[in-house]
Amino acid sequence: MAKKDPSEYTVEEKLKTLYELQTILSQIDKIKILRGELPLEVKDLEDEIVGLGTRIENINNDIKKIRENVVGFREEMEQAKRSIEKYTADQENVRNNREFDLLNKEIEYNRLVIEHDEKKINDARKQEQQKNDDLERSTNLLEERKKDLDMKKTELEDIVAETKAEEEKLREQARDLELNIEPRLLASFKRIRKSSRNGSLRQIIFQVKVNPFLAEDYNFDYKKDGRFCWRFRPKSH
């Protein structure tokens, strides 16, 4: 016998198929609940580890830059010292006070350069120490998060291993049922289920025109615009 086309199903058959699909999906939801927040926790830890890795890389770059600056300050200091020695020696050969004063100003200027560079070196050392402290904290935190991630992954893998076979079987059953549902109706089902607060809610509203008498027989909340609230608890006659 040829397989019946979903569009040829009676309204009752369509609703029963939807009910069976929802029941299976609710079972899958229970498996997801069993896993709890573990998948999200794993993802958050992975993101945090990436962020910490970037932070550590940036800190190391900052430390490298600080050390390069210190080298530059020291070179500038050495140049200033050489200039002081030169100008001091030149003062012994000046011809008048004006030349002496000009050389003296150059000496004072280079002394200020040295003093300023010493201050910048001290500030740089303090910055480097702060960066090193931050680096140590970030590195320790990274190691802790890696351990947390390994633990959460192991926990999640154990739960997935326990429920994998059951979930795959349920998903296969769901796929088979979906083949017996009209594409338009299935799309509405999936859209509304996705937008619901909880995918396993027992009441799901569809934008589907149904026979109000049939809806009443199945204890549906029927609305004038053709919407119904799916309960699937047949009334007793």
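Residues numbered from 1 in each chain as written. Predicted model: local features only at pLDDT ≥ 70, side-chain atom pairs only at ≥ 80, totals over all residues. Heavy atoms only, no water.

### Describing the confidence of the model for the protein chain
On average, residues of the protein chain score 80 in pLDDT, and 80% of them are at 70 or above. When pLDDT is averaged over each helix and strand of the protein chain, the minimum, 39, is found for helix 5 (residues 212–217) and the maximum, 95, for helix 2 (residues 38–91). Note that pLDDT drops below 50 for residues 197–237; the model gives that stretch 81 contacts with residues more than four away or on any other chain. (pLDDT = per-residue confidence, 0-100. Helix = DSSP H or I, 4+ residues; strand = E, 2+ residues; numbered from the N terminus. Contact = heavy atoms within 4.5 Å.)

### Regarding a negative patch on the surface
A cluster of acidic residues, Glu155, Glu157, Asp158 and Glu162, forms a negative patch on the protein surface. Its location among the elements puts glutamate 157 in helix 3 (residues 97–178). (Patch = residues over 30% accessible without salt bridge, like charges linked within 9 Å, V, L, I, M, F, W, Y side chains within 5 Å. Areas by Shrake-Rupley, 256 points an atom, 1.4 Å probe, with all protein chains shown as cover. Salt bridge = Lys/Arg side-chain N within 4 Å of Asp/Glu carboxyl O. Lys, Arg positive; Asp, Glu negative; His and termini not counted. Charge placed at Lys NZ, Arg CZ, Asp CG, Glu CD.)

### Here's the deal with the nonpolar core
Formed by 14 residues in total, the largest nonpolar core has its most connected members in Leu18, Leu21, Ile24, Leu25, Ile181 and Phe189. Of all the elements in the fold, those that place two or more residues in this core are helix 1 (11–35), helix 3 and helix 4 (183–195). Sorting elements by how many residues they give to this core places helix 1 first, with seven residues. Ignoring any residue separated from it by four or fewer positions in sequence, one finds isoleucine 24 in contact with Leu170, Gln173, Ala174 and Leu177. (Core = buried A, V, L, I, M, F, W, Y, C linked by side-chain atoms within 4.5 Å. Buried < 20%, exposed > 50% of the residue type's maximum accessible area, 1.4 Å probe, protein only.)

### Focus: the side chain of aspartate 117
Topologically, aspartate 117 is positioned in helix 3. Excluding anything up to four places from it in sequence, aspartate 117 contacts Phe73, Glu76 and Met77.

### Some remarks on helix 3
Over its 82 residues, helix 3 extends only 104 Å from the first C-alpha to the last, a length that falls short of the 122 Å expected when each residue adds 1.5 Å. By the largest-angle criterion, threonine 163 marks the main kink of helix 3, which is about 50 degrees. For helix 3, the N-terminal capping position is held by asparagine 96, with its side-chain oxygen 3.1 Å away from the main-chain nitrogen of arginine 98. (Expected span 1.5 Å × (residues − 1). Bend = angle between axes of the 7 residues up to and from the residue. Polar contact = N/O pair within 3.5 Å; in protein donor to acceptor, adjacent residues only side chain to side chain.)

### Some words on the environment of aspartate 123
As for its position among the elements, aspartate 123 is in helix 3. When the C-alpha atoms of aspartate 123 and isoleucine 66 are compared, they prove to be 9.9 Å apart, with 57 residues separating the residues in sequence.

### Remarks on the pattern of salt bridges
With the rule as written, the count across this model stands at 18 salt bridges. For the salt bridge of glutamate 99 with arginine 95, the shortest nitrogen-to-oxygen distance reads 3.0 Å. Of the residues examined, arginine 95 reaches a relative accessible area of 73% and is grouped as exposed. One connected set of salt bridges, linked through shared partners, spans Glu48, Arg145 and Asp148.

### Thoughts on the packing of helix 1 against helix 4
Two elements in contact, helix 1 and helix 4, have axes whose closest approach is 12 Å; the angle formed by their N-to-C orientations is 35 degrees. Of the two elements, helix 1 crosses helix 4, and the hand of that crossing is right-handed. Where helix 1 approaches helix 4, its residues Lys14, Leu18, Leu21, Gln22, Leu25, Ser26 and Asp29 are matched on the opposing element by Leu185, Leu186, Phe189 and Arg193. Here the residues of the contact of helix 1 with helix 4 sort into six nonpolar, two polar and three charged. (Axes fitted to C-alpha atoms, helices over the stretch in contact; angles between N-to-C directions. Left-handed = near helix turned anticlockwise from the far one by under 90°. Nonpolar A, V, L, I, M, F, W, Y, C, P; charged D, E, K, R; others polar.)

### Let's talk about the environment of lysine 164
Along the polypeptide, lysine 164 turns up in helix 3. Overall, the relative accessible area of 47% leaves lysine 164 in the partly exposed class.

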